[in-house]
Amino acid sequence: MLNEKIAKIKEDALAEISLAESLEVATELRIKYLGRKSDFVSILKGLKDLEGEERKNVGQLANVAKIEIENAFSNKEKELKEKSFDFAAEKIDVTMPAKKMTSGHLHPLSRIQYEIEDIFTSMGFEIADGPEVETEFYNFDALNIPKDHPARDMQDTFWLKDEDKNEKVVMRTQTSDVQIRYMEKHTPPFRIIAPGRVFRRESTDTTHDHTFHQFEALMVGDDITVGNLKFMAQQFFSKFFKTDVEIRLRPSYFPFTEPSFEFDINCLVCGGKGCSSCKWAGWLELGGAGIVNQNVFEAVGYPRNKYKGFAWGFGLERLAMMKYKIDDVRLFHSGDLRFIKQF
Ligand code: FA5
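**Quick word on empty space enclosed by the protein**
For the structure on display, the rule yields one cavity of 30 Å³ or more. Considered as a void within the structure, the largest cavity measures approximately 40 Å³ in volume. In this structure, the largest cavity is lined by F140, I145, A151, M154, Q155, F254, P255 and F256. Grouping the amino acids of the lining of the largest cavity by side-chain chemistry returns seven nonpolar, one polar and no charged.

Structure, rendered in structure tokens:
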């Protein structure tokens with residue numbers, strides 16, 4: 001009796017499965033024939049109430065039927081899945097142009113910095129570094145700029161709230177602080193450059209920003225003169241600009257050098273005629289320079305008059321402006337991609 005019932009279920013199931021034309025119908029049939037409430041499952045549940053031999057026979061038959069029905073379902077489902085697969089949607093056009101991968105590149109200021117470093121290391125200079133948040137001592141005092149000196153006003157800066165009341169802290173106004181930090185730890189002869197970011201409380205214009213970069217050079221030995229300074233600068237400029245550049249040294253004043261100069265080059269944007277990059281002067285001031293004041297050597301513990309050296313601090317943005325013919329220094333930190341993408 002049960003055997004016939006099982007055979008009938010199997011027969012009906014296989015017949016209906018073979019006719020199913022969609023996955024939805026196949027799922028419904030699965031529930032009908034193998035689901036929790038199906039006749040087949042209630043037969044399986046009832047097996048435990050049967051006696052020995054009959055239980056064995058019916059059990060075997062039910063298992064075989066179940067496997068057959070399961071196989072019929074799997075085959076049908078596989079067949080229906082393949083049928084419903086949308087080959088058109090999966091089509092790949094291998095001849096279509098690929099999406100362009102864009103990658104970033106170095107900021108023009110970083111490029112300039114690395115270029116400068118390469119030129120100077122090729123001339124035997126070492127690269128030194130210092131912190132952007134500096135103490136009053138390294139930024140001013142040790143550089144022969146005492147508290148009440150008017151030279152401090154030339155580099156008005158951002159003072160930070162001093163946790164330690166003994167020492168005031170500033171955003172450094174110049175890379176000259178690295179001169180002191182380096183000399184405290186080294187004995188001449190040496191030659192270094194120190195590129196880095198500096199800050200000043202400026203009213204900004206085409207040649208002045210509140211945040212900019214300088215690179216310091218310092219060469220100390222027994223008999224370094226203005227001649228060495230000029231020679232090194234000329235070597236550097238001719239390598240950097242790859243063209244003849246006219247240099248002008250004007251007498252100036254810095255407390256940490258004596259004598260001191262302002263360092264100008266002829267404006268490469270307008271060729272000296274006058275434009276907004278050079279504020280119509282035909283020359284652009286690139287940096288300050290001079291022979292290291294003996295007071296600075298004393299501040300780092302060197303004996304007075306034992307050594308001689310030159311130092312300079314050039315503006316990195318100003319160099320970049322000349323090299324790439326840029327007419328406004330503020331573009332460098334504008335974050336304007338139209339500007340950045342030109343490099
Ligand atoms: C100084 O900062 C001295 N520490 C330079 C120096 C070093 C002199 C060693 C002697 C020996 P000055 O304030 O002139 O000097 O600045 C040097 C250069 O930094 C300027 O010539 C200019 O190229 C650049 N610079 C100064 N202020 C700005 C600014 N606001 N924006 C962009 N560049 C600036």
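**Digging into the layout of surface pockets**
Its boundaries defined by the atoms lining it, the largest pocket holds a volume of some 760 Å³. Lining of the largest pocket is provided by 41 residues; of these, R200, E262, E285, G287 and R318 occupy positions nearest its centre. Looking at the lining of the largest pocket, the elements with two or more residues in it are β6 (211–221), β7 (247–254), β8 (257–266), β9 (283–292), β10 (308–315) and α11 (316–324). At seven residues, the largest contribution of residues to the lining of the largest pocket is made by β9.

**Concerning the nonpolar core**
Grouped together as the largest cluster of nonpolar side chains are 47 residues, with contacts concentrated most on I116, F215, F237 and W312. Ranked by residues supplied to this core, first place goes to helix α9 (residues 226–241) with seven residues. When sequence neighbours within four positions are dropped, the list of residues in contact with F237 reads K242, V245, I247, F263, I265, L286, F314 and L319. Counting residues in hydrophobic clusters, the runner-up holds 25 residues, among them L143, I145, A194 and F297.

**A look at the pairing of strand β5 (residues 190–199)**
Burial analysis of β5 places eight of its 10 residues in the buried class, which makes it a mostly covered element. Note: strand β1 (residues 126–127) against β5, two bridges, orientation parallel. The residue of β5 that forms the bridge with I127 is I193. With 10 bridges joining them, β5 and β6 adopt antiparallel strand pairing. Note that in β6 the partner of R197 across the bridge is H213.

**Things to note about the sheet that holds β8**
Taken in spatial order, the seven strands line up as β1-β5-β6-β10-β9-β8-β7 in an open sheet, and their pairing is mixed. Each of the sheet's edge strands pairs with one partner strand only, and the pair in question is β1 and β7. Strand direction decides the pairing type here: β6 and β10, joined by eight bridges, are antiparallel. Note that in β10 the partner of L218 across the bridge is A311. Running at roughly 105 degrees to β6, α11 makes contact with β6, β8, β9 and β10 of the sheet.

The rules behind these values
In every chain, residue numbers begin from 1 and rise along the written sequence. The predicted origin of the model limits local features to residues at a pLDDT of at least 70 and limits the giving and counting of side-chain atom pairs to 80 or more, whereas totals for whole chains, interfaces and linings rest on all residues. Hydrogen atoms and water are omitted, and side-chain values are computed over all heavy atoms in the structure. Definitions used throughout: a 1 Å grid over protein atoms alone; a cavity as a set of points that fits a 1.4 Å probe which cannot get out; a pocket as an open set with protein on both sides within 12 Å along at least five of seven lines; a lining residue as one with an atom within 4 Å of a point. Grid points are joined across faces, edges and corners, and a volume is the space filled by probe spheres set on the points. Residues are sorted three ways: Asp, Glu, Lys and Arg are charged, Ala, Val, Leu, Ile, Met, Phe, Trp, Tyr, Cys and Pro are nonpolar, and all the rest, Gly among them, are polar. A run of H or I in DSSP counts as a helix once it spans at least four residues, and a run of E counts as a strand once it spans at least two, with each numbered from the N terminus. We define the nonpolar core as a collection of buried residues of types Ala, Val, Leu, Ile, Met, Phe, Trp, Tyr and Cys that are connected through side-chain atoms lying within 4.5 Å of one another. Note on exposure labels: buried denotes an accessible area under 20% of the residue type's maximum, exposed denotes more than 50%, and partly exposed covers the range between, all computed with a 1.4 Å probe on protein chains only. Here a residue-residue contact requires only that any non-hydrogen atoms of the pair lie within 4.5 Å. Whether two strands pair depends on DSSP finding at least two bridges between them. Note on geometry: axes are C-alpha line fits, over the in-contact stretch for helices, and angles between N-to-C directions span 0 to 180 degrees.

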